Amino acid sequence: MKAAVCASYGGPEVVSVDDVPVPEPGPGEVRVAVGFASVNFPDVLMTSGSYQIKVPPPFVLGSEFAGVVSAVGVDVSAVVVGDAVFGTGLVGAFAEQVVAPEAALTKLPDGVGTDVAAGFGVCHRTAYHSLRSVAKVRDGEELIVLGAGGGVGLATVQLGAVMGATVTAVASSDEKLDAAKSCGASRLINYRGADLRAVLKDQIPGGVDVVIDPVGGDLSEPSLRALHRGGRFVTVGYASGVIPKIPLNLVLLKDIAIVGFEFRGWAVANAEELARNDAELMALLAEGRVAPHIGARFSFDDVRAAIRHVADGKAIGKVLLDISSK
Ligand SMILES: NC(=O)c1ccc[n+]([C@@H]2O[C@H](COP(=O)([O-])OP(=O)(O)OC[C@H]3O[C@@H](n4cnc5c(N)ncnc54)[C@H](OP(=O)(O)O)[C@@H]3O)[C@@H](O)[C@H]2O)c1
């Protein structure tokens, strides 16, 4: 089968579509014939060897996919061959066939396409768990979303609006902000050339309840300063490449809570909440109230260009790989 292999750590150029053996599912595992996969920022970090979990090359890249079950191992009960499913993992998704534990798969709701499902499992779940369980966003609250045109950001905008928050989207381009508006953002702030602290103070003089930050860098502190007393700041990622250093007196002065969210660790520690949130989120998807914004599609042969697109911060919402195009 064809698979996108990361032969050594480096930029997108180290990835090539090669022939590799078809993987066999072990006990409790399922093999899926992949229709679409999506490129996430952590795939960029995985390629360069700078992700928090390192897989020694060579390995098949890709953490998110959707397709049809093609084989099941022993002790698998939730799916059968022919079921349409989507799933997430650490690696292996940019391939014609991927093997994943049964527990990592979800059946597609009726009417949801494989392409839509391939863009749902990472960003919308990250956004929903962050908003629902970590920030505990409530109806009517003010929410700032940084990186609001990116995968996690745009999902956070959409889900924040569905949860009844008034969403302020912060991004680097009008194109990204247009996407945020279409996903329900009420205020749009292009931070390029702007004094973000002053703009936020001017536009939201009463302050905000929650900040969701997948970007870090120079945007974090001015956003944190926009919180009012008792506000919550959730640090989700550092796509800017810079981990911000926050003066602690800002936290003390307004009783602010700074909380981290890291999917794998949180999921292990919060199994019941994870299941409840996932069920709620699947209902929103099935009802058509939320869906990933697909900003770009690439053929399997163009996998390097797809990774480059994400690495350069150009992604708007989700970036899909059409694996069946091979
Ligand atoms: N905590 C978790 O469990 C979890 C789960 C999923 C993802 N993440 C992390 O969340 C972060 C965002 O992921 P994502 O899927 O939303 O990524 P994305 O789609 O690439 O969006 C990231 C955004 O970051 C901004 N950015 C600023 N400087 C950048 C740079 N030098 N390179 C790339 N982007 C830059 C860009 O927004 P502007 O153009 O508006 O500046 C971009 O839209 C990543 O760090 C990822 O690893 C964490």
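Residues numbered from 1 in each chain as written. Predicted model: local features only at pLDDT ≥ 70, side-chain atom pairs only at ≥ 80, totals over all residues. Heavy atoms only, no water.

K.L.:
Help me understand the pairing of strand β6 (residues 84-88) in this model?
P.N.:
Looking along a regular strand, one sees side chains alternate from face to face of the sheet. Relative to β6, strand β5 (residues 64-72) is paired through 5 bridges, and the arrangement is antiparallel. The residue of β6 that forms the bridge with glycine 67 is valine 85. Examined bridge by bridge, β6 and strand β8 (residues 105-107) share 3 bridges and lie antiparallel to one another. Bridge pairing in β8 places glycine 87 opposite leucine 105. (Pairing = 2+ DSSP bridges. Helix = DSSP H or I, 4+ residues; strand = E, 2+ residues; numbered from the N terminus.)

K.L.:
Looking at this structure, how should I read the layout of surface pockets?
P.N.:
The gaps of empty space that remain are located by a probe, the size of a water molecule, rolled over the atoms. If you add up the space inside the second largest pocket, you get close to 250 Å³. As for the second largest pocket, its lining consists of 14 residues, of which Lys201, Arg225, Ala226, Leu227 and Lys254 are closest to the centre. When residues of the lining of the second largest pocket are traced back to their parent elements, those giving at least two are α6 (196-203), α7 (220-225) and α8 (248-253). The residue makeup of the lining of the second largest pocket, split by class, is 9 nonpolar, 1 polar and 4 charged. (1 Å grid on protein atoms, 1.4 Å probe; cavity = no way out; pocket = protein on both sides within 12 Å on 5 of 7 lines; lining within 4 Å. Points joined across faces, edges and corners; volume = space filled by probe spheres on them. Nonpolar A, V, L, I, M, F, W, Y, C, P; charged D, E, K, R; others polar.)

K.L.:
Any chance you could explain unusual backbone geometry here in plain terms?
P.N.:
At the junction of proline 57 and proline 58, the peptide bond is cis and its omega measures out at 0 degrees in the coordinates. With respect to the helices and strands, the residue proline 58 is situated in the loop between α1 (41-48) and β4 (59-60). Even without a glycine there, the phi angle at lysine 136 is positive, about 50 degrees. Locating lysine 136 in the fold gives a position in the loop between α3 (123-134) and β9 (142-146). With a relative accessible area of 47%, lysine 136 lands in the partly exposed category. Positive phi is not limited to glycine here, since aspartate 255 has a value of about 50 degrees. Mapped onto the fold, aspartate 255 is located in the loop between α8 and β14 (257-260). (Buried < 20%, exposed > 50% of the residue type's maximum accessible area, 1.4 Å probe, protein only.)

K.L.:
Just to check I follow, could you spell out the pairing of β14 for this structure?
P.N.:
For strand β13 (residues 227-235) and β14, the ladder comprises 4 bridges, and the chain directions are parallel. Counterpart to arginine 232 in the pairing with β14 is alanine 257.

K.L.:
When you look at the packing of α3 against helix α10 (residues 271-286) in this model, what are you seeing that I'm missing?
P.N.:
Pairs of packed helices are described in terms of their axes, by the angle between the two and the distance that separates them. Remark: α3 packs on α10, axes separated minimally by 10 Å, with the N-to-C direction vectors making an angle of 120 degrees. The handedness of the crossing between α3 and α10 is right-handed. Every residue of α10 that contacts α3 at His124, Arg125, Tyr128, His129, Arg132 and Ser133 is listed here: Glu273, Leu274, Arg276, Asn277, Asp278, Glu280, Leu281 and Leu284. Among the residues making up the contact of α3 with α10, the classes are represented as 4 nonpolar, 4 polar and 6 charged. (Axes fitted to C-alpha atoms, helices over the stretch in contact; angles between N-to-C directions. Left-handed = near helix turned anticlockwise from the far one by under 90°. Contact = heavy atoms within 4.5 Å.)

K.L.:
Just to check I follow, could you spell out the environment of glycine 119 for this structure?
P.N.:
Its location among the elements puts glycine 119 in the loop between α2 (114-118) and α3. The buried category is assigned to glycine 119, whose relative accessible area is 0%. Along the chain, glycine 119 and glycine 207 lie 88 residues apart, while their C-alpha atoms are 33 Å from each other.

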